[in-house]
Amino acid sequence: MAVAIRRAELEAVALDEAEYRAIVRLIGRDPSDVELGMFGALWSEHCGYKTSKPLLRQLPTEGPGVLQGPGENAGAVDIGEGLAVVFKIESHNHPSAIEPYEGAATGVGGILRDVFAMGARPIAILDSLRFGPLERNRNRHLFMGVVAGIGGYGNCFGCPTVGGEVYFDEGYSDNPIVNAMCVGLVRHDRLRRARADRAGDVLFLVGADTGRDGIHGATFASVELDDRSHTRRPAVQVGNPFLEKLLCEACLQLNELEEVTAIQDLGAAGLTSAACELAHRGHRGLDIDVARVSRRERGMNPYEVMLSESQERMLVLVRPGGEDAVRRIFDHFELHADAIGTVTSGDRVRVREGEAVVADLPLAALIDGVPLRSPAARPADVSLPSLVPALEQAETVLLDLLSSPNLRSRRPIYRTYDHQVQDNTVIGPGSDAALLRVPGTNRGLALTTDGNSRYVALDPYVGTQAAVAEAARNLVCTGARPLAVTNCLNFGNPQRPHVFWQLQESVRGLADACRALDLPIVSGNVSLYNETNGRNIPPTPVIGMVGLLDDLGERCQAGFQEDGDLVFLLGETRDEMGGSAYLQQAGVELGGPPPRVDLAAERRLQSAILNCTRNGVLRSAHDVADGGLVIALAESALLGSRGLRCPAIVGAVSAVALYFSESQARAVISVTPRRVPELQAIMGHHGILLQALGVVGGDAFQVGPDIRLPLDVLRQAWETAF
Amino acid sequence: MVFPGTWSDRDCAHAVADVLGQPARFIDHRARRLDDVDLVILPGGFSYGDHLRCGAIARFAPVMEAIIDFADRGGLVLGICNGFQVLQEARMLPGALLKNASCQFRCEWVNLRVEQTDGAFTTECRPAQVLRIPISHGEGNFYADPQTLAALEAGGQVVFRYCMPDGRVVEDANPNGSLGNIAGIMNRRGNVLGMMPHPERACETLLGGTDGLTIFQSAVRALQRVAA
């Protein structure tokens, strides 16, 4: 069959003619309709990583505590006492742009399944979100829908949403970023890998029935959006968190059965992707009969069954003889468990509908055969530093910044999320990082997501390093030692040379920063083609990071704790206004270099803070990030509901930079006066600049001669509604 | 009690067993008998996905007959959040819980004034004591028709009201629009309590406070008195 004849079909699965010819070469004939659909799904950017795979090879993925790196449903790291933390972050940008509630909800649902497929009980959700300015109704609609969808799913499921971030920028108008991270816990001996390693094992499809929703979802997520995208609404799945809760409990019980050999989530590309990956990882083949799949509606053909992205489904592999035990568990939860196939000794996936074979393909071609793309890359033009307006009326600037959408309190959002269920939340949303108790132990897990896309837009290499450094600093400020990283790379259309260059530079920055800080990357996701009507989003790598606190008694808060405590700045302030919130607020165009990232200095700072927290020296610690020093001080005052007196902040930089520069590797801490000698000794030992700023106390926030505001006024600005 | 979709079951068991050291076990929604139980807790969650109406399907669960019978014989029953909604749907407590006035889910710490110390669940509280306990719900807006409300008030069945930290019961302290700032009510006999806030989330200093423990301790004390 000629390629030209199938052009419409190729467009439906977003493959190009060269890829079609590659398929024909690999399988030695023209593919059937079902086969073409399967190739389309698995060779999509979303599943096949055909553009990003060569870049991702440079990421460090190994470390002493890593139990499972990338390539499984989620990564896993040892946290002692025989336990492992399992986590991953994933994007749901395209669906959320079309149907924000269900797009975000199923994003949460998908990442929860990735974690309980590993045998782990999900204990926390975090979300990293970006939208266009809320003045535009469309953006507001997307924002409200996404927040409601995250809450709607997580609250009903019963997993606390403990953290995340949200930023607003014109660059995300009509193309929001919705990344969801899930963290779970499992005993080492119960950690699951999803691989079919023995012929004869029985393949069960469990959970929800299969419907026509979400067909071509993976394909849809791999092309740019345009004015016709709303017609793709059928490609967006609909979530059922109640069913997912039952499925989770059932899978956690399954995980205790010796007869169960693998559990695999059905996500993008549904049964096709899940089954093929399961078999290919174990170097086995698979025989599937789609006639045995429970359906939501009549008349579905094999193509639809294989490509449906109906939610709340899992594949389970069972040793022969274990079928009844599996069925008993699913009967208890009143869920379907259909035996739909068997593992074979070959290396092919065969799909039948009853006796009729509708697809018979070599797995290697489907999974690894995708021709990799290496688009042209062109560095962005170097932008000139912007002129920095002089600081006038510091109080007004401070209040404007504190009330700005990017810096104001996130309470109106997170109070719509259950952040306490499961009784482990020690520090909830609104701080540097969330801190959760590891049940049954005195250990804590600190969790955060970070990514300042203004820095990345100015310099993707440095900006991505800054995201890694800031995430680690956030964890350290709670007293936790950073353990490992998950990441979600959200970029525009990689066929555009400047976008591909952004991606290249960003991955290089990610790799270098993680190496310098000894942080393995154990899972991740890439979301490309975030382009709407020809406009690309700002490059947005999001870093999810997990840290461990050996003793929860050593935890540290971000807010000031006690009147009379002394406040210090750790680290050096430089004249670094590029990408700052100050300039954004002043309406100055983004330009110049972002703040420098010195990973050696970052490492020293973090060691110094951990040295302090382990010895109980600190009363509070808060990372200096967006908005700079004065914003960090205001946040510590607001979080602790205590005033501050800083007679003068001195330094060798301009007045603006003293207050609002966003120099990296800095933190604001407070200590009780008698611990100051220890603080000085520790900072001296680590070579960290220590600058006394002021004293905690009173009802006012005073900094230098020009800021003196009642705490209530500060709070009013900070708690501006969205 | 574990209905499909219940999720505070493990938190309640943690509070009762790990924190208070009392034996606890999970009861399946299909159970027909309760056997050796002294206190039944209907925990929070989204039983049956909150389909139709919160608690509307759970009331038909086979176990409900046994629970009603247990309460009729004086057994202690505590409904928390979704459990409160189930008790209302099962007509074990009056009134209804509507969508929050804000139309949004709310998860935050609130203050509760103890209005009644005669029931089984507040004997360890002082009258007008203020308890700090979190809420987490989208449908906690207590409503009852004027007659029912008057009867609840007259009968001393209102157990908790949302209040300010100093105990003032004012509109600003009301997180969901509940009539009379009502956060929890009991039956006439005082052995069945329904409340929207989650006491099981306020049982450890590490997690922000221990005021919720008082409610479980009161129940334990009430049972000990009966036994003695």
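Calculation rules
Residues numbered from 1 in each chain as written. Chains lettered and ligands numbered in written order. Predicted model: local features only at pLDDT ≥ 70, side-chain atom pairs only at ≥ 80, totals over all residues. Helix = DSSP H or I, 4+ residues; strand = E, 2+ residues; numbered from the N terminus. Rg over C-alpha atoms; globule rule 2.2 N^0.38 Å. Buried ≥ 20, exposed ≤ 12 C-beta atoms within 10 Å, placed from the backbone. Contact = placed C-beta atoms within 7 Å. Pairing = 2+ DSSP bridges. Axes fitted to C-alpha atoms, helices over the stretch in contact; angles between N-to-C directions. Nonpolar A, V, L, I, M, F, W, Y, C, P; charged D, E, K, R; others polar. Expected span 1.5 Å × (residues − 1). pLDDT = per-residue confidence, 0-100. Core = buried A, V, L, I, M, F, W, Y, C linked by C-beta atoms within 7 Å.

Caption draft 1: Focus on the overall build of chain B. Within chain B, the secondary structure is distributed over five helices and nine strands. Element order for chain B, N to C, with α for helix and β for strand: α-β-α-β-α-β-β-β-β-α-β-β-β-α. Against the 2.2 N^0.38 benchmark of 17 Å for 228 residues, chain B shows a C-alpha radius of gyration of 16 Å, consistent with a compact globule. In chain B, buried positions account for 52% of the 228 residues. Across chain B, contacts joining residues at least 24 apart in sequence account for 75% of those joining residues at least 6 apart.

Caption draft 2: Representation of the overall build of chain A in the model. Counting its regular elements, chain A contains 25 helices and 28 strands. The C-alpha radius of gyration of chain A comes to 26 Å, within 12% of the 27 Å expected for a compact globule of 722 residues. A principal-axis box enclosing the C-alpha atoms of chain A has dimensions of 85 × 55 × 40 Å. Residues classed as buried in chain A amount to 62% of the 722 residues present. By sequence separation, contacts in chain A at least 24 residues apart represent 84% of the contacts at least 6 residues apart.

Caption draft 3: Summary view of the sheet that holds strand 8 (residues 182-186) of chain B. Residue and element names in this part refer to chain B. Reading across the sheet, the seven strands line up as 1-2-9-8-7-4-5 and stay open at both edges, with mixed pairing between neighbours. Pairing within the sheet leaves two strands with one partner each, and these edge strands are strand 1 (39-42) and strand 5 (130-137). On average, each strand axis in the sheet is tilted by 20° relative to the strand beside it, whichever way the strands run. Sheet analysis places strand 7 (residues 158-163) next to strand 8, joined by three bridges and oriented antiparallel. Along strand 8, the bridge assignment pairs Val158 with Ile185.

Caption draft 4: Representation of the environment of Pro127 of chain B. All names here are of chain B. On the secondary structure map, Pro127 appears in the loop between strand 4 (106-114) and strand 5. Under the C-beta neighbour-count criterion, Pro127 is labelled exposed, with 11 such atoms within 10 Å. Distance from Pro127 to Gln116, taken between C-alpha atoms, is 6.5 Å for residues 11 residues apart in sequence. Excluding anything up to four places from it in sequence, Pro127 contacts Val114 and Thr117.

Caption draft 5: Expanded view of the interface of chain A and chain B. Every contact between the two is made by 20 residues of chain A and, on the other side, 21 residues of chain B. Broken down by secondary-structure element, the contributors of at least two residues to the side of chain A that touches chain B are helix 8 (137-157), helix 10 (241-254) and strand 14 (425-427) of chain A. Across the side of chain A that touches chain B, the residue classes tally to seven nonpolar, eight polar and five charged.

Caption draft 6: Up close: helix 10 of chain A. Residues and elements named next belong to chain A. Taking 1.5 Å of rise per residue, 14 residues should cover 20 Å, and helix 10 covers 19 Å from first to last C-alpha, within 8% of that figure. If you check which residues of helix 10 are buried, you get Pro241, Phe242, Leu243, Glu244, Lys245, Leu246, Leu247, Cys248, Glu249, Ala250, Cys251 and Leu254. Residues of helix 10 that are buried in the fold lie against helix 7 (100-116), helix 8, strand 7 (202-207), strand 8 (260-265), strand 10 (313-318) and helix 13 (323-332).

Caption draft 7: Geometry of the confidence of the model for chain B. Averaged over all residues, the pLDDT of chain B is 96; the fraction at 70 or higher stands at 100%. As scored by the predictor, the complex reaches a pTM of 0.96 and an ipTM of 0.96.

Caption draft 8: Main features of the sheet that holds strand 1 (residues 66-68) of chain A. All names here are of chain A. Strands sit in the order 1-2-3-6-4-5 across an open sheet of six strands; the sheet is mixed. At either margin of the open sheet sits one strand with a lone partner, and together these are strand 1 and strand 5 (161-168). Recorded for the sheet is a direction-independent mean angle of 20° between the axes of neighbouring strands. With seven bridges connecting them, strand 4 (residues 121-131) and strand 5 associate as parallel partners. Looking at the pairing, Leu129 lines up with Val166 of strand 5. Of the strands in this sheet, strand 4, strand 5 and strand 6 (177-187) touch helix 8, which is tilted by about 180° from strand 4.

Caption draft 9: Region of the structure containing unusual backbone geometry. Despite not being glycine, Glu312 of chain A has its phi angle at roughly 60°, a positive value. In this fold, Glu312 of chain A is placed in the loop between helix 12 (302-307) and strand 10.

Caption draft 10: Region of the structure containing the environment of Glu662 of chain A. Residues and elements named next belong to chain A. Relative to the helices and strands, Glu662 resides in the loop between helix 23 (655-660) and strand 25 (667-671). Sequence separation between Glu662 and Leu510 is 152 residues; the distance between their C-alpha atoms is 20 Å. Excluding its chain neighbours within four sequence positions, the residues that come into contact with Glu662 are Glu576, Gly579, Ser580, Pro595, Asp626 and Gly628.

Caption draft 11: Spatial organisation of the nonpolar core. All names here are of chain A. Val316 and Leu447 are the most contacted members of the largest nonpolar core, which totals 310 residues. Here this core gets 11 residues from one element, more than from any other, and that element is helix 18 (residues 460-477). Leu447 has contacts with Ala124, Leu126, Val162, Gly163, Val183, Ala433, Ala434, Leu436 and Val546, leaving out every residue within four places of it along the chain.

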